[in-house]
2 protein chains.
Amino acid sequence: MDKILRIDMGAKGGPQFKVEALGAYAGLGGRAMTSSVVAQEVPPLCHPLGAENKLVIAPGMLSGTSASMSGRISVGCKSPLTGGIKEANSGGQGAQVLARLGYAAVILEGKPEGDDLYKILINKDGVKIEKDNSLKMLPNYDLVDTLKKIHGDKITCISIGPAGEMKLGAASIAITDIEVRPSRHAGRGGVGAVMGSKRVKVIILDDTGLKNREPKDPEKFRAANKKFVEGLTTHSVTGQALPAYGTNVLTNIINEAGGYPSYNFREGQFAGASKISGETFADIETKRGGSATHPCHRGCVIRCSGTYVDKDGNYLTKQPEYETVWAHGGNCGIDDPDAIAQIDFLDDNIGLDTIEMGATIGVAMQAGLAKFGDAAAAIELVKEVGKGTPLGKILGSGAGVTGKVFGVEKVPVVKNQALPAYDPRAIQGIGVTYATSPMGADHTAGYAIATNILKSGGYVDPLKTEGQVELSRNLQIATTAIDSTGMCLFIAFAVLDQPDTFQALIDLLNAFYGWSLTGDDVTALGKKVLKIERDFNAKAGFTKEQDRLPRFFSTDPVSPHNITFQVKDSELDSVFNW
Amino acid sequence: MDKILRIDMGAKGGPQFKVEALGAYAGLGGRAMTSSVVAQEVPPLCHPLGAENKLVIAPGMLSGTSASMSGRISVGCKSPLTGGIKEANSGGQGAQVLARLGYAAVILEGKPEGDDLYKILINKDGVKIEKDNSLKMLPNYDLVDTLKKIHGDKITCISIGPAGEMKLGAASIAITDIEVRPSRHAGRGGVGAVMGSKRVKVIILDDTGLKNREPKDPEKFRAANKKFVEGLTTHSVTGQALPAYGTNVLTNIINEAGGYPSYNFREGQFAGASKISGETFADIETKRGGSATHPCHRGCVIRCSGTYVDKDGNYLTKQPEYETVWAHGGNCGIDDPDAIAQIDFLDDNIGLDTIEMGATIGVAMQAGLAKFGDAAAAIELVKEVGKGTPLGKILGSGAGVTGKVFGVEKVPVVKNQALPAYDPRAIQGIGVTYATSPMGADHTAGYAIATNILKSGGYVDPLKTEGQVELSRNLQIATTAIDSTGMCLFIAFAVLDQPDTFQALIDLLNAFYGWSLTGDDVTALGKKVLKIERDFNAKAGFTKEQDRLPRFFSTDPVSPHNITFQVKDSELDSVFNW
């Protein structure tokens, strides 16, 4: 991982690449890499779909090593959805394979004239860029099937579906999983639209003949990893709840807490929650011959995913995540697991962020385009995006645009990005993260649910304002660092609760790179990257007024707690005072 | 004009009104009134379509008097298009009649539950608010015809078409003219959507039985008005060019200057310009039995409008303005006067800002929805808005949203509002106004064309950066003051060039109110209102980064001068340093 692959898609005579040394970017990975490159090289006021924007794909610092959980990949750019800096993070095989191929980053630059579509092949022998218009408008699953026939089944694909080609604000970038299925997505912020604007359909990786990256101190590294894995397997969340039920274990928990936004954030609890809970999904998966426990990348020991099959036992989609189930479920008044699984597949296949799309369907329902609870209508609306009709393009542009086009007042977005599955009125800490993260509304940016609800890393009462700013601040700093390591964010539960596990993570980094980092250095990295991101956003025109929730969270109380979002603006403005 | 009519559309049990004294708003008119009320009473971060926004309709300080040219009305709110403060200004009879009725402002507040539509009647006997769902989705011309049958033909209507009811970002508010035709529009910024969100279809004014407002010093007032009119009739622009050819006299002039944005700002000259020039339109109007010279309100001595009839001599629309002709003409590659006149009518009838719509069709053509130059396709696209199809709602949401939905990079907007008919690369002064006006891209906010091209108020070379900031600054200040008086902005040519005419304007104000204003006081008023507006925008989240032209104006030179926009960011940031 000692080089950067830079591809100029707008070069005269056709796309050209060069392989560079890391230079000033040495030692960076994941979000630290993507945000550094974007901040350094992309003009903050450029058009997100223009030649000046860049798409940066970076494995984490520990990706491609034998460290467990190190398979997260970061995708960065100026976001067409938020207009600010973006890092969208995904599992799948991409990080491990790209890192083994030796690339700390792939940077797509420029923009070709005309309408030709390209595929990029990267393997041990080098890089090839090929025009391939036969791939135009292929959905992700069809695309990958086609590519497997040509390039074999050892490949890993980083691709866009029709949504990315149409440059829609909700377009994701798909990363194939262990079974070479495009089921993992760098979902948020329209990163797929930027890839589409570069006219790159897919990057095909093949690490055949290559080995894991070697640590400076193999022995210490092995020891640290052992301790790290022990910590994960003994913690109740990462050792039991997530393996058994996946992220959707949260449906019952959040619903009970009254923080489950239902009917486009009208209510805080959903009567049909138990019908779409993680327990129910696991039960269906097991009974039908799918699987309730499954890793999304090599080296994962939590295995929070699964395989969802239809009534005949045929693969339908991967186990839908909690936020996906919520977005298309309670948020739309839908309590049918098969319908939600089908939409999850459609989103993945068309190449759409499930959170943005679920929120968008909720806004469309608010506008009267379909009735809350009408699963068949919701499925048709998502299909419409794939067809590229005007209605489909509205919806594919996300909740903000959909609200504007249909004149809807109640649109749950911050920085034009849809709020995920936790009501900030019932769980005030997550509201602080939604409002202030440089990414726009994003639960992963500072997952206050951990401490507000799951009592991980202590406890802060979710219904009170006290302590929420400090909680969100600390989580945003820690998350930014973790997102740079390539580690899955779910390690945070164990890391927050068990000092030994946190130390094991630091030991992994130190043993691999020959560093002598302390916990403070990790915190400093998080702060540094957050500052880079906020500086970019300021130059792109963001000010504290964009660090706010939509007004209805302050004016309309939500059941069952009958509470509004109460953290004051001045408190929100203090999140980044450290 | 000593009272304010405040109507709470969201009152329990149905809309309620109260008539108030002016209080702190005494002495204000037009833009000074609307911007003061909005800044004072509307939360900057509220949703533009929510109950907290207010729609303020205010005649100018001299409206309803016998002063010539005093018939401009201001409509203010938080804009659904820009997200900032908005004053949209219109001719027609509204200002004169509302002022004679004694109202310095009508303020629509709150938001009713449900879907009922209302009409508001204001005459000498008072105010009535009536539910009338029979008016739903009526186009403006049909609406006014219907109302004339009920309320007689002495009425003046302030109304929205289907676009306003659909709460679209390009929705205008129509004001009827002397012939009670809904041909004049407070067009910009989506003010019609705010009226639609309040569920008010139309305000019907009738000043039967009422007289002009009486000046404090009638003799001095008469004398000042005489001098004022003399100044207007002797100046070449207001005395000759505008009466003869209307605003569209500019097509040939701006095209020759290379500042006529053609094919969505791809070129600075249009081969078909002479076919759609003011001279050609006047010729058609005269030959067919229309009229090339016509006032839009009582007391106008410039009479820059006209009547455009079809080949059979039937009324088609009022004489389309230069910006309208450009927007749907050269900007879309269309050189057919009848097609442009038909679209002008459609825009007025559906209730759409012609500038925003023309720019939007240009972006749609850039996206490939129709070919540049295809007039029939352009007409169909505008009709689509009236039908309320998904495609129509996209287009009716303006150029910014259309660009987002169709993934277009080249979208000519500032603060999400479309640029009018002057290329800021060939006429750098207007670029400063587009970039920095608190209204978003708006030529009327500081009409640098006057001095850059028409050599009114001196001369500043349009192709150089020197002097443009000072020019735009002074014009923005003067315009803000003029927009508060109720005077038509076209007086500016005579006022800029002839100190006596400027003095006559001040004398009119002093004689009417018994004041002793000087020129400096007028300037101070302009500065004060601009500051109020910029403060509102800052609280709504605007910063200097929103005071920028789209990036392509700095990167793509335009023919024939082969020049980019060259005014530096730091210069733009100095516009409001006075």
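As the structure is a prediction and not an experimental result, all values here were calculated from the model. (Residues numbered from 1 in each chain as written. Chains lettered and ligands numbered in written order. Predicted model: local features only at pLDDT ≥ 70, side-chain atom pairs only at ≥ 80, totals over all residues.)

When its secondary structure is counted, chain A shows 23 helices and 17 strands. The buried share of chain A, taken over its 578 residues, is 65%. For chain A, the share of sequence-separated contacts (at least 6 apart) that also reach a separation of at least 24 residues comes to 71%. (Helix = DSSP H or I, 4+ residues; strand = E, 2+ residues; numbered from the N terminus. Buried ≥ 20, exposed ≤ 12 C-beta atoms within 10 Å, placed from the backbone. Contact = placed C-beta atoms within 7 Å.)

Time to look at the sheet that holds strand β8 (residues 126-131) of chain B. Residues and elements named next belong to chain B. If you trace the six strands from one edge of the open sheet to the other, you get β8-β7-β12-β9-β10-β11, paired in mixed fashion. Every other strand in the sheet has two partners, leaving β8 and β11 (184-186) as the edge strands with one partner each. Strand after strand, the sheet turns through a mean of 20 degrees between neighbouring axes, direction not considered. Pairing of strand β9 (residues 156-159) with strand β10 (residues 173-175), which is carried by two bridges, proceeds in the antiparallel orientation. Residue Ser 159 lies in a different strand from β10, and its bridge partner there is Ala 174. (Pairing = 2+ DSSP bridges. Axes fitted to C-alpha atoms, helices over the stretch in contact; angles between N-to-C directions.)

For a regular strand, the rule is simple: side chains alternate between the two faces of the sheet. Residue and element names in this part refer to chain B. Across three bridges, the pairing between strand β14 (residues 305-309) and strand β15 (residues 315-318) is antiparallel. Pairing of Thr 307 across the sheet is with Lys 318, part of β15. The hairpin turn running from β14 into β15, its antiparallel successor, is five residues long, and Gly 313 in that turn takes a positive phi close to 85 degrees.

It is worth spelling out the packing of helix α11 (residues 337-350) of chain B against helix α13 (residues 375-387) of chain B at this point. Geometrically, a packed helix pair is captured by the angle between its two axes and the distance between the axes. Residues and elements named next belong to chain B. Relative orientation of the contacting elements α11 and α13 amounts to 5 degrees, with a least axis distance of 10 Å. It follows from the interaxial angle that α11 and α13 lie roughly parallel. Residue-level inspection shows Ala 339, Gln 342, Ile 343, Leu 346, Asp 347 and Ile 350 of α11 in contact with α13, the latter providing Ala 375, Ala 378, Ile 379, Val 382, Lys 383, Val 385 and Gly 386. Partitioned by chemical class, the residues of the contact of α11 with α13 number nine nonpolar, two polar and two charged. (Parallel < 35°, antiparallel > 145°, perpendicular 65-115°, else oblique. Nonpolar A, V, L, I, M, F, W, Y, C, P; charged D, E, K, R; others polar.)

Before going further, it helps to spend a moment on the domain arrangement of chain A. Residue and element names in this part refer to chain A. Domain boundaries assigned for chain A yield domain 1 (3-205) and domain 2 (261-421). For domain 1 versus domain 2, the distance between C-alpha centres works out to 24 Å. At the interface, 37 residues of domain 1 touch 32 residues of domain 2. Looking at the side of domain 1 that touches domain 2, the elements with two or more residues in it are α3 (140-151), α4 (162-165) and β11 (184-186). At three residues, α4 tops the list of elements feeding residues into the side of domain 1 that touches domain 2. Along the lines of polarity and charge, the residues of the side of domain 1 that touches domain 2 split into 14 nonpolar, 20 polar and three charged. (Domains from an automatic or database assignment.)

Let's shift gears to the relation of the copies chain B and chain A. The operation relating chain B to chain A is a screw motion whose rotation component is 180 degrees, with 0.0 Å of axial translation and a residual RMSD of 0.0 Å. In the structure described here, the two chain copies are related by an operation that fits a two-fold rotation axis. Among all residues of chain B, the one whose C-alpha sits closest to the rotation axis is Pro 390 of chain B, at a distance of 3.0 Å. Both copies contact each other with a shared surface, as 100% of the interface residues of chain B are interface residues in chain A too. (Least-squares fit on C-alpha atoms with pLDDT ≥ 70 in both.)

Turning our eyes to something else, we now look at the interface of chain B and chain A. Counting residues at the interface gives 28 residues for chain B and 29 residues for chain A. Counting only elements with at least two residues in the side of chain B that touches chain A, the list comes to α14 (390-396) and α15 (399-405) of chain B. It is α14 of chain B that provides the largest number of residues to the side of chain B that touches chain A, a total of four residues. In terms of residue class, the side of chain B that touches chain A is built from twelve nonpolar, eight polar and eight charged.

Residue and element names in this part refer to chain A. Tracing the backbone shows Thr 501 in helix α20 (residues 499-513). Sequence spacing of Thr 501 and Val 229 is 272 residues, and the spatial spacing of their C-alpha atoms is 8.3 Å. Discounting chain neighbours no more than four positions away, the residues touching Thr 501 are Phe 228, Gly 231, Ala 494 and Val 495.

The omega torsion of the bond from Ser 559 of chain A to Pro 560 of chain A falls at -5 degrees, within 30 degrees of zero and hence cis. If you trace the backbone, Pro 560 of chain A turns up in the loop between α22 (552-555) and α23 (569-572). Residue Val 180 of chain B is not a glycine yet carries a positive backbone phi of 55 degrees.

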